[in-house]
Amino acid sequence: MRLGFSKVLSAGKDIGMHDADKKAGDCDGCIAYGSNASNMIHMVRSGANAIMLNDFKIEKKLLEIAIENECILLIPFNSIISSYGFERSRNLFKASKLLTYATKKGAKISFISMASSKLGMCSYMQLVELAKMLGASEKEAREGIGKITKLVFDR
């Protein structure tokens, strides 16, 4: 409640997580994550609710198929928050480019903390400001944290 949410959800517990770098598999109702685009395409076609790209690498064909299948693109802030110096600058730049490209293509985008501990959790307003820092408008940031994130977990 202190973070501005009525409930905090846990990936892996409240929704399944499937690592695309290990192998392609059916991912009905889960979050597919990784950097192997071909495996992630298979998972999107098998019903993944959302995709999360490691290292914010733009995969054009994957995003195109995700949009066709109404799959949501997750932009996690854990790698931005937990890093510093050049690595943080690089992550901010790449996340910003991914957000710009995905927005132009019409993707549904969700902003999440993906915190590995309680210390890494962000409040609602922190998530809004981080999303705006990447280039999202106030409206896009609020929708991406609220309404669109609910779609990931309510399907």
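Here the structure is a predicted model, which is why all the values come from computation and not from measurement. (Residues numbered from 1 in each chain as written. Predicted model: local features only at pLDDT ≥ 70, side-chain atom pairs only at ≥ 80, totals over all residues. Heavy atoms only, no water.)

## As for the nonpolar core
- Residues Ile51, Leu73, Ile75, Phe77, Ile109 and Phe111 are the most contacted members of the largest nonpolar core, which totals 38 residues.
- Of all the secondary-structure elements, those providing two or more residues to this core are α1 (37-45), β3 (50-53), α2 (60-68), β4 (72-76), α4 (85-105), β5 (109-112), α5 (124-134) and α6 (138-145).
- Residue contacts for Phe111: discarding those within four places in its chain leaves Ile75, Phe77, Leu99, Leu127, Ala131, Ala136, Glu140, Ala141, Gly144, Ile145 and Thr149.
- The next biggest cluster of nonpolar side chains, apart from the first, holds nine residues, and it includes Met52, Ile72, Leu74 and Val152. (Core = buried A, V, L, I, M, F, W, Y, C linked by side-chain atoms within 4.5 Å. Buried < 20%, exposed > 50% of the residue type's maximum accessible area, 1.4 Å probe, protein only. Helix = DSSP H or I, 4+ residues; strand = E, 2+ residues; numbered from the N terminus. Contact = heavy atoms within 4.5 Å.)

## A few points about the packing of α5 against α6
- One way to put it is that α5 packs onto α6 with a least axis distance of 9 Å and a crossing angle of 130°. In this view, α5 runs oblique relative to α6, as classed from their interaxial angle. For α5 against α6, the interelement crossing comes out right-handed. Contacts from Tyr124, Met125, Leu127, Val128, Ala131 and Lys132 of α5 reach α6 at Glu138, Ala141, Arg142 and Ile145.
- For the contact of α5 with α6, the class distribution of residues is seven nonpolar, no polar and three charged. (Axes fitted to C-alpha atoms, helices over the stretch in contact; angles between N-to-C directions. Parallel < 35°, antiparallel > 145°, perpendicular 65-115°, else oblique. Left-handed = near helix turned anticlockwise from the far one by under 90°. Nonpolar A, V, L, I, M, F, W, Y, C, P; charged D, E, K, R; others polar.)

## Focus: the environment of Leu62
- Here Leu62 lies in helix α2.
- Leu62 gets classed as buried once you look at its relative accessible area, which sits at 1%.
- On a C-alpha basis, the gap between Leu62 and Ser123 in space is 30 Å, while along the polypeptide they are 61 residues apart.
- Residues contacting Leu62, with those up to four places away along its chain left out, are Ala37, Met40, Ile41, Val44, Ile51 and Leu53.

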